[in-house]
Amino acid sequence: MKRDQIDVTEKVKDATLGLGRAVKAQTVVMRKNRMHKKMHWDTDERADDGSDVNGDNTSSVQFHDAYGFEIEIDSEDQENILRCLRLEQKQSVRWNEELRQHSSESLQHTATVKKLCRGGIPPELRKHVWLHLSGAHAVKHASGTFGYMYYIEKSKLNENCRRQIDLDVPRTFPNNQWIQSDVGQVSLKRVLYAFSAENTVIGYCQGMNYVASMLLLALEYDEEAAFWTMCCLIGHDSRDGILYHDLYANNLSGCHVEMRSLDMLVESKLPKLAKHMKGLECGMTMLATEWFLCLFSTTLPAETTFRIWDALFSEGPKILYRISIALLKLHESILLAAENSGELLRNMRAAAAKEYDRDELLHIAFDGIGRLPMNRIEKFRNEKQRMVDKEIALRETRAKLKQAVQETDSLGQQQWVMMEGEREFISCHEEDLLRQEGMHASRSHVKTMERFRNALLKKDSKST
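Residues numbered from 1 in each chain as written. Predicted model: local features only at pLDDT ≥ 70, side-chain atom pairs only at ≥ 80, totals over all residues. Heavy atoms only, no water.

Chemist: Quick question: what am I supposed to make of the confidence of the model for the protein here?
Modeler: It should be kept in mind that the predicted coordinates are not to be read in detail where pLDDT is low. A residue-level look at the protein finds 73% of positions with pLDDT of 70 or above and a mean pLDDT of 82. Taken together, the stretch residues 436–449 has pLDDT below 50 and engages in 13 contacts with residues farther than four places along the chain or on a different chain. Segment residues 459–464 is flagged for pLDDT under 50; beyond a separation of four residues in sequence, or across chains, it makes seven contacts in the model. (pLDDT = per-residue confidence, 0-100. Contact = heavy atoms within 4.5 Å.)

Next comes the structure, spelled out in C-alpha cells:
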C-alpha cells in the first residue's frame, strides 16, 4: 500500500473526528472506540504496490464519521473531504469574526449572514446559529409553561401517533451508531412524541423521523433544541414553518405541490433532461419526494446535508429547489444515459450518496443554474396548489359517491342526500374526474357514473 494513501487516510480520519463536538463523555468514548474498531483498509485482492489486481488504482477506507454514520470512501472522496475541510477552517475564521462584531443574541438575516451560511456554518457553531436563524430560540422563550416536557406528557393522549413513532424509530438510520444506541432511540422518540402533541394538525408523518434524527446529531444531542427547531422548520399550531405548508399533511398535498412546481422548474432549467424523464415516465414525484420529505438526509452524506440546512435556515425552502436542480445538472449525463426509470433512479441515488464535495454542489446550486426568484416559485406553487386541491376534492367526492351507492345496494335505500352544490360540482367535473384517474370514458364507466348520479337524484326527489 502506498505511503501517501495511508497519510491521506489518517488525515481524513483526524479531520473527520475534528468535526465532532462536545457530548456526553460516555458517548464520545463509545464513538471513538467503535470507530477505531471499524476503520480498516480494504486490502483484499490488492497487489503489493497497493493497486487493485484488476487495475483499479483507488483504495477505500471504511469508518464512522463525526456524526456516527458508517461510510466507505475512496481516494477521490478523501481528497474532496480534505479540500472541503480546508475551506471550512477559513470559513470558521469568518464566522468567529462576525459573531465578535455582532452579539449572537441579535443574529439577523442580513446579507452578510446569508453569504456566510452559503459558505457553511462550522459544526461547533451550528447549534447556536440554527437556533437563532430558525426562530427556535425566540419560540422556546415565548412558550412559557408549555415547554418540551409538557408536550411529551401531552403526547400520551394520542396513542396512534406514539405507536407509529415506536415502529419507525428502530429502523431510522440503521447505519448510525448514536441513533441506534439506547440513548439515541429514547431521545428520538421523545422529540417525535413532543412534536406530534405540539402540532395537532399533522401529528406525525413518516419522514419526520429522519429530520428529527439529523437535528439531534447537529444540535449536540440536545432534545429540546431539536424539538423547537423542528417546530419552526415544519410549523406548529400557532404559526407556519419554514417549509411549505402541508408538506407533511396526511394526504401530502404540500409535497404534491412542491413536486409539480419542481417539474416546471426542471423543464425550464434542464429541458433535455426533463424531456428524457418524461419519455421514461419518471416524474419528479418518483425521484424527489424523498429529497423534500427527508430534506436530503437519506440521500446525501451527513455533512453535505447539514451544509444545505445551513442555507435552508437562512433563506428558506427555495434552497431545496436549488439543490434539486443542482444535483440533476451535476449528474445529468448519467441520467440521460438511463434507458428506463429504474436505472435512472438507481444512478441518481448512487451518485448522490458519493456527493462528498459539498462545495462543488453548493457552488452549482447558487452560481450554476441561473436566477431562481421566489416569486416565480410562488407562482408555480399557487397554480399547482389549485390543481392539487381540485384533485383532492374530486377524489373525496368520488369516494362519497361510491359509498352512497354501496349503501343503496346493500340496504335497498339511500342513506345520503346530495346537496345542490355537490350535484353541480359532480356535473361540472365528471369529465375531469375521468381524466384525472387516467381512464378513458368507456361505456361501462359512463354507465357506472350515470348509476351514481341517478341513484342520488332519485333519493333527492323523494326527500323533497
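From this point, the discussion proceeds with the structure in view.
Chemist: Is there a simple way to think about unusual backbone geometry in this case?
Modeler: Glycine aside, the phi torsion of most residues is negative, and most peptide linkages are trans. The phi torsion at Leu 252 lies on the positive side, around 55 degrees, for a residue other than glycine. Positionally, Leu 252 belongs in the loop between strand E5 (239–240) and helix H13 (253–269). Look at Leu 252 and you get partly exposed, because its relative accessible area is 26%. Phi is positive for Glu 281, which is not a glycine, with a value near 55 degrees. (Helix = DSSP H or I, 4+ residues; strand = E, 2+ residues; numbered from the N terminus. Buried < 20%, exposed > 50% of the residue type's maximum accessible area, 1.4 Å probe, protein only.)

Chemist: What's the story with the pairing of strand E3 (residues 70–74) in this structure? I'm lost.
Modeler: Along any regular strand the residues' side chains alternate between the sheet's two faces. As paired strands, strand E2 (residues 60–64) and E3 are joined by five bridges and run antiparallel to one another. Bridging across to E3, Phe 63 finds its partner in Ile 71. Hairpin connection between E2 and E3: a loop of five residues separates the two successive antiparallel strands, and Gly 68 in this loop has a positive phi of roughly 95 degrees. (Pairing = 2+ DSSP bridges.)

Chemist: Please explain the nonpolar core as it appears in this structure.
Modeler: Soluble globular proteins tend to pack their nonpolar side chains together in the buried interior. Formed by 115 residues in total, the largest nonpolar core has its most connected members in Met 208, Tyr 248, Trp 309 and Leu 328. By residue number, the principal contributor to this core is helix H12 (residues 223–234), which donates nine residues. Those residues within four positions of Leu 328 in sequence are excluded, and the remaining contacts are Val 266, Leu 270, Leu 273, Met 284, Leu 287, Trp 291, Leu 335 and Met 348. (Core = buried A, V, L, I, M, F, W, Y, C linked by side-chain atoms within 4.5 Å.)

Chemist: I'm lost on helix H20 (residues 358–367) in this one. Help?
Modeler: Burial within H20 is extensive, with seven of its 10 residues counted as buried. Looking at H20, one finds that the buried residues are Arg 358, Asp 359, Leu 361, Leu 362, Ile 364, Ala 365 and Phe 366. Of the surrounding elements, those touching the buried residues of H20 are helix H3 (75–101), helix H4 (111–119), helix H16 (302–315) and helix H17 (318–330).

Chemist: It is not clear to me how a positive patch on the surface should be interpreted in this structure. Could you clarify?
Modeler: Positive charge collects at one region of the surface, where Arg 86, Lys 90, Arg 94 and Lys 115 lie side by side. Top contributing element to the positive patch by residue count: H3, with three residues. With respect to the element layout, Arg 86 can be found in helix H3. (Patch = residues over 30% accessible without salt bridge, like charges linked within 9 Å, V, L, I, M, F, W, Y side chains within 5 Å. Areas by Shrake-Rupley, 256 points an atom, 1.4 Å probe, with all protein chains shown as cover. Salt bridge = Lys/Arg side-chain N within 4 Å of Asp/Glu carboxyl O. Lys, Arg positive; Asp, Glu negative; His and termini not counted. Charge placed at Lys NZ, Arg CZ, Asp CG, Glu CD.)

Chemist: Sorry, what's going on with the packing of aromatic side chains here?
Modeler: Aromatic ring pairs are described here by two measures, namely the spacing of the ring centres and the angle between the planes. According to the stated counting rule, one finds 15 aromatic pairs in the structure shown. Ring centres of Phe 69 and Phe 173 lie 5.1 Å apart, and the angle between their planes is 90 degrees; on these two criteria the pair is classed as edge-to-face. On the criterion of sequence distance, the pair formed by Phe 69 in the loop between E2 and E3 and Phe 173 in the loop between helix H8 (159–168) and helix H9 (177–180) is long-range, its members being 104 residues apart. Residue classification places Phe 69 among the buried positions, given a relative accessible area of 7%. Among the aromatic side chains, those forming a connected cluster through ring pairs are Phe 146, Tyr 148, Tyr 150, Tyr 151, Phe 227 and Trp 228. Across from the ring centre of Tyr 193, 3.8 Å away, lies the NZ or CZ of Arg 162, which sits over that ring. (Phe/Tyr/Trp six-rings, centres within 6.5 Å; stacked < 30°, edge-to-face > 60°. Lys NZ or Arg CZ within 6 Å of the ring centre and 35° of its normal.)

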